[in-house]
Amino acid sequence: MRFGLRFVIWVVMMMGIQMNAQESPTLRTQAETRGLMIGAAVQSGLLANDSQYAETLSREFDLVATEYETKMCEIQRQQGVMDFRATDAIVAFAEAHDMQVRGHTLLWHQCFPPWLERGTFTRAEAINIMRDHIYTLVGRYKGRIFAWDVVNEAIGDQGGKRRTQWRELVGDDYIEQAFQFAHEADPGALLFYNDYSAEGTNRKANAVYDLVKDFVDRGIPIHGVGLQMHLRIGDVSLRRLAGKDEIIANMRRLGELGLQVHITEMDVRHDGLPTPELLAQQAEDYRQVVEACLTVEACKAIVTWGFTDRYTWIPQFFGNPDAAPLPFDKDYQPKPAYEAMINALTNFQP
Ligand code: G3I
């Protein structure tokens, strides 16, 4: 059988592309070699409407986190009525691309449903509402969402218990009740307490440690702590919030409780324009956080809060339209931060 020259050239080109595709490392391939999950927070609308978003996500990550669509104020906008369409779409995408799903978050004071805010409920009624919400949501994805942020940001910035609506309605034990309900709904799910500015060994981090140690000591079902890792450039690399050694010490003491640590919402923001100098310093923050996680056995996952500067909460929240906090730029091109993560995942030896 004769093959034209063009066909032979085509075959050689295809083989080259195939080999090249296999050779070029991704965050996903490099993290897998280290037994680490690497993920990003996602939104179902972006998965459905931006093909480059979906393609980059499945190529570079093996975990997705629900950025907002599994929060109570979003998924139960009317008492007793839950809309699972967005979550079903995210879980279906993850399963189609062999990715894990982190559910974020069952209880959070900043996403407390208005119907619950406006109502008048007894403690017993509030507990029933919490139980029904958790049983229904966690139960629906039993065995499909492997980890949940059960309670988010229940510790105040000074280390005390935050005054939240659930605490007002139920009392201090709302947190442990939530963990108990989540465990009853899916005994196989990993249950996390999640918070920000508790990455090192400051007063707030110590309060988080005390909270989860008490749960472990009393046998409350908890499996890990989520360190959000929302940073400003230099927070780690210039020790403005917590140096790499401090983060390692915090991760280690949580690991000694038998808990896992997930870095759950990493981004590294800056003021003004993302100059080359700022992007280089940002890369250093990403590198040191990845190295900290690689140093501590208990650290099992690194999740960025989004992955492309095209879609991030930072500009609106911090008022910087030029903010570029993530590893990919607005055109899905890898930034120095991405290269720093790949390099650390490939070469760092603790
Ligand atoms: O997608 C809809 C859009 O269709 C609609 O037109 C628009 C106006 O209603 O809303 C859009 O959804 C918004 C969504 O962000 C996507 O932009 C929601 O209203 C908005 O509430 C949601 O904000 C999220 C916020 O938590 C509150 O849930 C942010 O995406 C999310 O990044 C942020 O994440 C928090 C973590 O949960 C906890 N740690 C801090 C972190 C940053 O604040």
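Let me begin by describing the structure that accompanies this report. (Residues numbered from 1 in each chain as written. Predicted model: local features only at pLDDT ≥ 70, side-chain atom pairs only at ≥ 80, totals over all residues. Heavy atoms only, no water.)

1. Describing the site of the ligand
Close to the ligand lie 14 residues, the nearest being Glu 67, Tyr 68, Lys 71, His 104 and Glu 265. Between the ligand and Lys 71 there is a distance of 2.5 Å, counted from an oxygen atom to a side-chain nitrogen or oxygen. At 2.7 Å, a side-chain N or O of Glu 265 approaches a nitrogen atom of the ligand. Relative to its free-state accessible area of 790 Å², the ligand is covered by the protein chains to the extent of 53%. Here the shell around the ligand is composed, by residue class, of 4 nonpolar, 5 polar and 5 charged. (Near = heavy atom within 4 Å. Polar contact = N/O pair within 3.5 Å; in protein donor to acceptor, adjacent residues only side chain to side chain. Areas by Shrake-Rupley, 256 points an atom, 1.4 Å probe, with all protein chains shown as cover. Nonpolar A, V, L, I, M, F, W, Y, C, P; charged D, E, K, R; others polar.)

2. Notes on the nonpolar core
If you look at the biggest cluster of nonpolar residues, it comprises 103 residues, and the most contacted ones within it are Leu 57, Val 151, Trp 166, Phe 179 and Tyr 193. Excluding its chain neighbours within four sequence positions, the residues that come into contact with Trp 166 are Met 72, Leu 107, Phe 112, Leu 116, Ala 126, Ile 129, Met 130, Gly 171 and Tyr 174. Formed by 11 residues, the second largest nonpolar core is a distinct cluster that contains Ala 65, Phe 146, Leu 190 and Phe 192. (Core = buried A, V, L, I, M, F, W, Y, C linked by side-chain atoms within 4.5 Å. Buried < 20%, exposed > 50% of the residue type's maximum accessible area, 1.4 Å probe, protein only. Contact = heavy atoms within 4.5 Å.)

3. Things to note about the pairing of strand 2 (residues 63-66)
Side chains Leu 63 and Ala 65 project from strand 2 onto one buried face, and the interleaved Val 64 and Thr 66 project onto a second face that is buried too. Of the strand pairs in this sheet, strand 1 (residues 37-42) and strand 2 are connected by 4 bridges, and their pairing is parallel. Across the sheet, residue Gly 39 finds its bridge partner in strand 2, namely Leu 63. Inspection of the sheet shows strand 2 paired to strand 3 (residues 100-108) by 3 bridges, in the parallel sense. Residue pairing across strands places Val 64 opposite Val 101, the latter belonging to strand 3. (Helix = DSSP H or I, 4+ residues; strand = E, 2+ residues; numbered from the N terminus. Pairing = 2+ DSSP bridges.)

4. Description of the pattern of salt bridges
Summed over all chains, the structure comprises 26 salt bridges. For the salt bridge of Arg 123 with Asp 173, the shortest nitrogen-to-oxygen distance reads 3.2 Å. Here Asp 173 lies in the loop between helix 9 (165-170) and helix 10 (174-185) and Arg 123 lies in helix 8 (residues 123-140), a separation of 50 residues in the sequence. Notably, a salt bridge pairs Asp 157 with Lys 204, separated by 3.3 Å at the nearest N-O pair. Residue Asp 157 is found in the loop between strand 4 (147-152) and helix 9, and its partner Lys 204 is found in helix 11 (residues 203-218); the two are separated by 47 residues along the sequence. For Asp 157, a relative accessible area of 46% puts it in the partly exposed group. A relative accessible area of 2% places Lys 204 in the buried class. Beyond isolated ion pairs, a larger network of salt bridges with shared partners links Asp 157, Arg 162, Asp 195 and Lys 204. (Salt bridge = Lys/Arg side-chain N within 4 Å of Asp/Glu carboxyl O.)

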